[in-house]
Amino acid sequence: MYTNLKRTLAKECIKKVGETIKVQGWAKRVRHLGNISFLVIRERTGEIQCVLEGELAGFNLETESVIEAIGKVVSTKQTSLGVELLTNSVKVINKNSLLPFEVNKKEINTGLENLLNHRVLSLRHEKVASIFKILSTLEEAFREYLTNLGFTRIFTPKIVSQGAEGGANVFKLNYLGKEAFLAQSPQFYKQMMVASGLERVFEIGSVYRAEEHNSSRHLNEYISLDVEIGFIDGFEELMELETEIIKYMFEKVKEKNKNELNLLGIEVPTITEIPKLTIHEAREIIKTRYNKKMPDGDLNAEGEKLIAKYIKDTLGSEFVFITKYPKENRPMYTMPSENGLTKSFDLLFKGLEITSGGERIHEYEMLIESIREKGLNEECFLNYLNTFKYGVPPHGGFAIGLERLTARLLGLKNVREASAFPRDIHRLTP
Ligand code: AMO
């Protein structure tokens, strides 16, 4: 009799009072109270309570089984939807077997490794799923903001002949008998696309870093939100643009993810202006205030936390730009400035670097010199270098680590929590 009924989603039930509908989802919980039982079905738009009476009250099943119920929608004050289903029939579409941990309690009571080992199941928990709904909004807002400004979205190769960022953390692979690498960053290609005449480009894509250490901040594969712009007036312009992008991303999360933010108990910071310190100033503050020695020309993880605390205490900001790193601490493509420094910056959010960026060298001879100064072989960069023979405008850009941004915003202790299927020093599955 009901076989032709289309599925109704939980969020639509309120409009169907008095009608017979079909709902489908996962069985979250069944409570038996004598000759009446309450079955809660969870799906992507919410939860619907099904009232089972008479013979149906004895209905039993494993929670998390896939289930379908048909019945009449009635108003009630007992559920957050304001309705429940007086159930006529209920059937198990696909049975669940034993769960490795409970996903329907307020908190998941298991460690991160177990949670990642059983990722599909842990994502059934509302709080865990909320992380990825918010991450999705951040990505969408980034794309939307730049598209509205006339940027072109680009897609560049992830199999490359040369690492762009230098250092040892590059994955080698066998490319049909030739040595190749997984891209550490779309750096060279985004610059080449600016030079092509597109001028303003962005890319959202996976990048790969062979990180050998086990840390709460590093993934071996992460999503890089990359921006590159031609005809800039100076590297300050890049920080202004990034501030506006992050403001927009946060506003969108506030607007679209009220439920998720509520569940996670997160208040999204309101950004006005982001303070700036040179790396020299930041190091001085850490030395005089906290008596800590930092690595040359840089901050370590402890330094990033201390400077974030200082900025929060003195200026009330969760963000700070650290600028003008020495040449030795930045890649060969970075535009130098006075006294051996560079036109570069990092952005810290709640004590963690979420962005690097800066102005790039756009003159061929200067770039060759910079490559040589780093002790690198220009022969390895021929294709990239050739671009600079054809008239490249002053340009610059930056990259935001999407998982790091999400993890900081949501107060997650480990960046792996913001990656659905993280790749880390030990993990290649699921
Ligand atoms: P950088 O190497 O600093 O710069 O990376 C930019 C941002 O990417 C994120 N990130 C990571 N996230 C998770 N796990 C990792 N192992 C990891 N490594 C980096 C961080 C970091 O700030 N080409 C330049 C960017 C540019 O100048 O445009 C680059 O890739 O959030």
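You'll find the structure just up there.
Residues numbered from 1 in each chain as written. Predicted model: local features only at pLDDT ≥ 70, side-chain atom pairs only at ≥ 80, totals over all residues. Heavy atoms only, no water.

Q: In this structure, what is going on with unusual backbone geometry? I would like to understand it.
A: Negative phi is the rule for most residues except glycine; trans is the rule for most peptide bonds. With an omega of -10 degrees, the peptide bond running from Thr429 to Pro430 counts as cis. Secondary-structure assignment places Pro430 in the segment after helix H11 (402-409). For Glu64, which is not glycine, the phi torsion reads 75 degrees and is therefore positive. Along the chain, Glu64 turns up in the loop between strand S3 (46-53) and strand S4 (66-75). A residue is classified by how much of its surface remains accessible, and Glu64, at 3% relative accessible area, is buried. With a phi close to 60 degrees, Phe231 is a non-glycine residue in the positive phi region. (Helix = DSSP H or I, 4+ residues; strand = E, 2+ residues; numbered from the N terminus. Buried < 20%, exposed > 50% of the residue type's maximum accessible area, 1.4 Å probe, protein only.)

Q: Looking at this model, I keep getting lost on a nonpolar patch on the surface. Mind explaining?
A: A cluster of nonpolar side chains, Ile159, Tyr175 and Leu176, forms an exposed patch at the surface whose accessible area comes to about 360 Å². In this fold, Ile159 is placed in strand S7 (residues 159-160). With a relative accessible area of 45%, Ile159 lands in the partly exposed category. (Patch = residues over 30% accessible without salt bridge, like charges linked within 9 Å, V, L, I, M, F, W, Y side chains within 5 Å. Areas by Shrake-Rupley, 256 points an atom, 1.4 Å probe, with all protein chains shown as cover. Salt bridge = Lys/Arg side-chain N within 4 Å of Asp/Glu carboxyl O.)

Q: Is there a simple way to think about the packing of aromatic side chains in this case?
A: To describe a pair of aromatic rings, one takes the distance between the centres and the angle between the planes. One pass over the full model with this rule turns up 10 aromatic pairs. Measuring from centroid to centroid gives 5.8 Å for Phe142 and Phe202, while their planes differ by 85 degrees, and the two rings are edge-to-face. Taken as a pair, Phe142 in helix H3 (residues 126-148) and Phe202 in strand S10 (residues 200-208) lie far apart in primary sequence, 60 residues in all. Judged by its relative accessible area of 0%, Phe142 falls in the buried class. Judged by relative accessible area, Phe202 falls into the buried class, the value being 1%. Judged by centre distance (6.3 Å) and plane angle (55 degrees), the rings of Phe345 and Phe398 are tilted. Of this pair, Phe345 sits in strand S14 (residues 344-349) while Phe398 sits in strand S16 (residues 395-401); the two residues are 53 residues apart in sequence, bridging distant segments of the chain. Residues Phe345 and Phe398 agree in their burial class; the two are buried. An aromatic cluster is built from Phe188, Phe381, Tyr384 and Phe388, whose rings are joined through pairwise contacts. (Phe/Tyr/Trp six-rings, centres within 6.5 Å; stacked < 30°, edge-to-face > 60°.)

Q: Can you help me understand the pattern of salt bridges in this one?
A: Pairing between side chains becomes possible if they bear opposite charge and their charged atoms approach one another. Following the criterion strictly, the structure yields 29 salt bridges and no others. For the salt bridge of Lys256 with Glu140, the shortest nitrogen-to-oxygen distance reads 3.0 Å. Placement of the pair is Lys256 in helix H5 (residues 236-256) and Glu140 in helix H3, with a sequence separation of 116 residues. A relative accessible area of 44% places Lys256 in the partly exposed class. Between Glu179 and Lys172 there is a salt bridge, with the nearest N and O atoms lying 3.9 Å from each other. With respect to burial, Glu179 and Lys172 carry one shared label: exposed. The network of salt bridges with shared partners includes Glu113, Arg416, Asp424 and Arg427.

Q: What am I meant to see in helix H4 (residues 187-198) here?
A: Three or four residues apart is the spacing at which side chains of an α-helix point the same way, because the helix has 3.6 residues per turn. Its 12 residues give H4 an end-to-end C-alpha distance of 15 Å, which sits within 8% of 16 Å, the value for a rise of 1.5 Å per residue. Taken as a whole, H4 has its buried residues at Gln187, Phe188, Lys190, Gln191 and Val194. With its phi angle positive at about 70 degrees, Glu199 sits one or two positions after the end of H4. (Expected span 1.5 Å × (residues − 1).)

Q: Explain the site of the ligand to me, please; I cannot follow it from the model alone.
A: Close to the ligand lie 22 residues, the nearest being Glu165, Gln187, Lys190, Glu353 and Ser356. Between the ligand and Tyr222 there is a distance of 3.1 Å, counted from an oxygen atom to a side-chain nitrogen or oxygen. In this structure, an oxygen atom belonging to the ligand sits 3.3 Å away from a main-chain N or O atom of Gly401. Across the complex, the protein chains shield 93% of the 630 Å² of accessible surface that the ligand would expose by itself. Listing elements by their share of the shell around the ligand, those giving two or more residues are H4, strand S15 (352-359) and S16. (Near = heavy atom within 4 Å. Polar contact = N/O pair within 3.5 Å; in protein donor to acceptor, adjacent residues only side chain to side chain.)

Q: What is the right way to read the side chain of Glu359 from this model?
A: Mapped onto the elements of the fold, Glu359 is located in strand S15. Of the side chains with opposite charge, Lys343 lies nearest to the buried Glu359, which makes no salt bridge, at 4.2 Å. (Lys, Arg positive; Asp, Glu negative; His and termini not counted.)

Q: Would you explain the nonpolar core in this entry?
A: Core analysis: the biggest nonpolar cluster contains 45 residues, and Leu138, Phe142, Val227, Ile245, Met249, Phe250 and Phe319 have the highest contact counts within it. Taken together, the elements giving at least two residues each to this core come down to H3, S10, strand S11 (221-230), H5, strand S13 (319-323), S14, S16 and H11. Looking at this core element by element, the count peaks at 9 residues for H3. Aside from chain neighbours lying at most four places away, what touches Val227 is Phe142, Leu146, Phe151, Lys190, Val201, Phe202, Leu241, Ile245, Arg360, Gly396, Gly397 and Phe398. One finds Val30, Ile48, Leu56 and Leu85 within the second-largest nonpolar core, a separate group that totals 19 residues. (Core = buried A, V, L, I, M, F, W, Y, C linked by side-chain atoms within 4.5 Å. Contact = heavy atoms within 4.5 Å.)

Q: Hey, could you run me through the pairing of strand S2 (residues 36-43) in this one?
A: Regular strands show a simple pattern: their side chains alternate between the two faces of the sheet. The buried fraction of S2 is high, at 7 of 8 residues. As defined by bridge partners, strand S1 (residues 20-33) adjoins S2 across 7 bridges and the pair is classed as antiparallel. Within the sheet, the bridge partner assigned to Trp26 lies in S2 and is Arg42. The turn linking S1 back onto S2 is made up of 2 residues, and Gly34 within it adopts a positive phi angle of 70 degrees. (Pairing = 2+ DSSP bridges.)

Q: Where do I start with the sheet that holds S7 in this structure?
A: In a beta sheet, neighbouring strands pair by backbone hydrogen bonds and run either parallel or antiparallel. Sheet architecture is open: 3 strands sit in the order S7-S9-S8, paired in antiparallel fashion. Edge positions in the sheet fall to S7 and strand S8 (172-175), since each of these pairs with one other strand and no more. Bridging between S7 and strand S9 (residues 178-182) involves 2 bridges; their strand directions are antiparallel. Counterpart to Ile159 in the pairing with S9 is Leu182.

Worth remembering: the numbers are spatial, not functional.
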